[in-house]
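Architecture at a glance
Next come the chains, spelled out residue by residue.
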Amino acid sequence: MFIDSHCHLDAYEEYSGESLDSLFARLQAATDAARSAQEETARGEAQNSAAFPIPDLKSQKSWSSSKSDAPDPNIRMPEAFIHVACDPKDLTRGVELIEKYSFVYGAFGIHPEYVSDTTPEDEKRVTELLKHPKCVACGEIGLDYHYGADKKHEQCKLFEHQLGIGIDSGKPLVFHLREADDDALAILRSAPLHGRNIHVHCFTGTPEFVEELLALDANVFIGFTGIVTFKSAQNVRDAAALVPYTQILLETDSPYMAPVPHRGKTCHSGFIPYTAQMLADIKQIPVEELYRQCRENTRNCYKI
């Protein structure tokens, strides 16, 4: 079992044209089929090991008859989702989703890309939404100089203000930090973060940056997406090798950055096993151990 600790479910519907009801049903069907195939395999192995195995005629139509018919074990239904609403115009939709689905939780904040459009009313709305019983975090907030380098000053001011709102709420904090290492560290080091749970989501930086983040006076968790599977992302794999596995979170940032071999497709939360396997290989542990620990990490970070 695993939890997608960061996704944008409303954007998935928009990008894919598929409803969430359809997606969830499809992922659950894939999970059930994979489980049935595993159970059939286990029964077959038990029969083969018996002194006088008895043929199971029902199992003759098993998945082994055609590999192309087998369910993809790398597509599964998460146990839960943390939906992130970080565009001011999507805050209301975020509330609708967490109230409709029992297994969907919410995070609310303002992404740095909306720095030019954010109003005091938007920030007031975020402040109120952080009190919602199914809101588990403030975010994603932060800095992005890849696309917004011309608005560094404005981004820093918005980040500082959102950070204050998040700290006052007492909720965990979700950070988007892209190509803004020095300013991000300066802001975070001056903030009262002691004892705070922090999720640095979709890490794409250097090993040196991840070490600086892990050294903050806070409970820091680092989230990895399908990017860790990209051939060009050796820096992300090197950084993952430095993160204690007790501080790793599994996420998709769906609908963006689907893992290899689905790179370029609309990403959904069912693709997490591809990311998990890569991280397990990096940490040199069984993937089931990685799932168990990351599930515990998510609960420790978000208290769900």
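Please refer to the structure placed before this passage.
Residues numbered from 1 in each chain as written. Predicted model: local features only at pLDDT ≥ 70, side-chain atom pairs only at ≥ 80, totals over all residues. Heavy atoms only, no water.

Moving on: the environment of His199. One can find His199 in strand β6 (residues 197-200). We classify His199 as buried; its relative accessible area is 0%. Distance from His199 to Ser5, taken between C-alpha atoms, is 9.1 Å for residues 194 residues apart in sequence. Within the local environment of His199, its side chain forms a polar contact with the side chain of Glu251, the two groups lying 2.9 Å apart. Engagement of the side chain of His199 in a polar contact is seen with the side chain of Tyr302, the distance being 2.6 Å. (Helix = DSSP H or I, 4+ residues; strand = E, 2+ residues; numbered from the N terminus. Buried < 20%, exposed > 50% of the residue type's maximum accessible area, 1.4 Å probe, protein only. Polar contact = N/O pair within 3.5 Å; in protein donor to acceptor, adjacent residues only side chain to side chain.)

Considering the arrangement of structural elements, one finds Asp10 in helix α1 (residues 9-16). Buried charge without a salt bridge: Asp10, with Arg93 as the nearest opposite-charge side chain at an N-O distance of 5.9 Å. Among residues more than four places away in sequence, those in contact with Asp10 are His83, Asp90, Arg93 and Leu97. (Lys, Arg positive; Asp, Glu negative; His and termini not counted. Salt bridge = Lys/Arg side-chain N within 4 Å of Asp/Glu carboxyl O. Contact = heavy atoms within 4.5 Å.)

This part covers the pattern of salt bridges. One side chain can pair with another of opposite charge once the charged atoms of both are near each other. This model, assessed by the stated rule, comprises twelve salt bridges. With its nearest N and O atoms 2.8 Å apart, the salt bridge here joins Glu13 to Arg93. With Glu13 in helix α1 and Arg93 in helix α3 (residues 91-100), this residue pair connects regions lying 80 residues apart in the sequence. The exposure class of Glu13 is partly exposed, given its relative accessible area of 21%. Accessibility expressed as a relative area gives 28% for Arg93, which makes it partly exposed. One salt bridge in this structure joins Asp90 and Lys89, with 3.4 Å as the shortest N-O distance. The class for Lys89 is exposed, based on a relative accessible area of 64%. Salt bridges linked by common partners bring Glu13, Arg93 and Glu96 together as one network.

Here the focus is the packing of helix α10 (residues 272-283) against helix α11 (residues 287-302). For the pair α10 and α11, the least separation of the axes is 9 Å and the interaxial angle reads 110°. Our classification of the angle between α10 and α11 gives roughly perpendicular. Facing Pro273, Ala276, Gln277, Leu279 and Ala280 of α10, the residues of α11 in contact are Val287, Leu290 and Tyr291. Residue composition of the contact of α10 with α11, by class: seven nonpolar, one polar and no charged. (Axes fitted to C-alpha atoms, helices over the stretch in contact; angles between N-to-C directions. Parallel < 35°, antiparallel > 145°, perpendicular 65-115°, else oblique. Nonpolar A, V, L, I, M, F, W, Y, C, P; charged D, E, K, R; others polar.)

In short, geometric facts, not functional conclusions.
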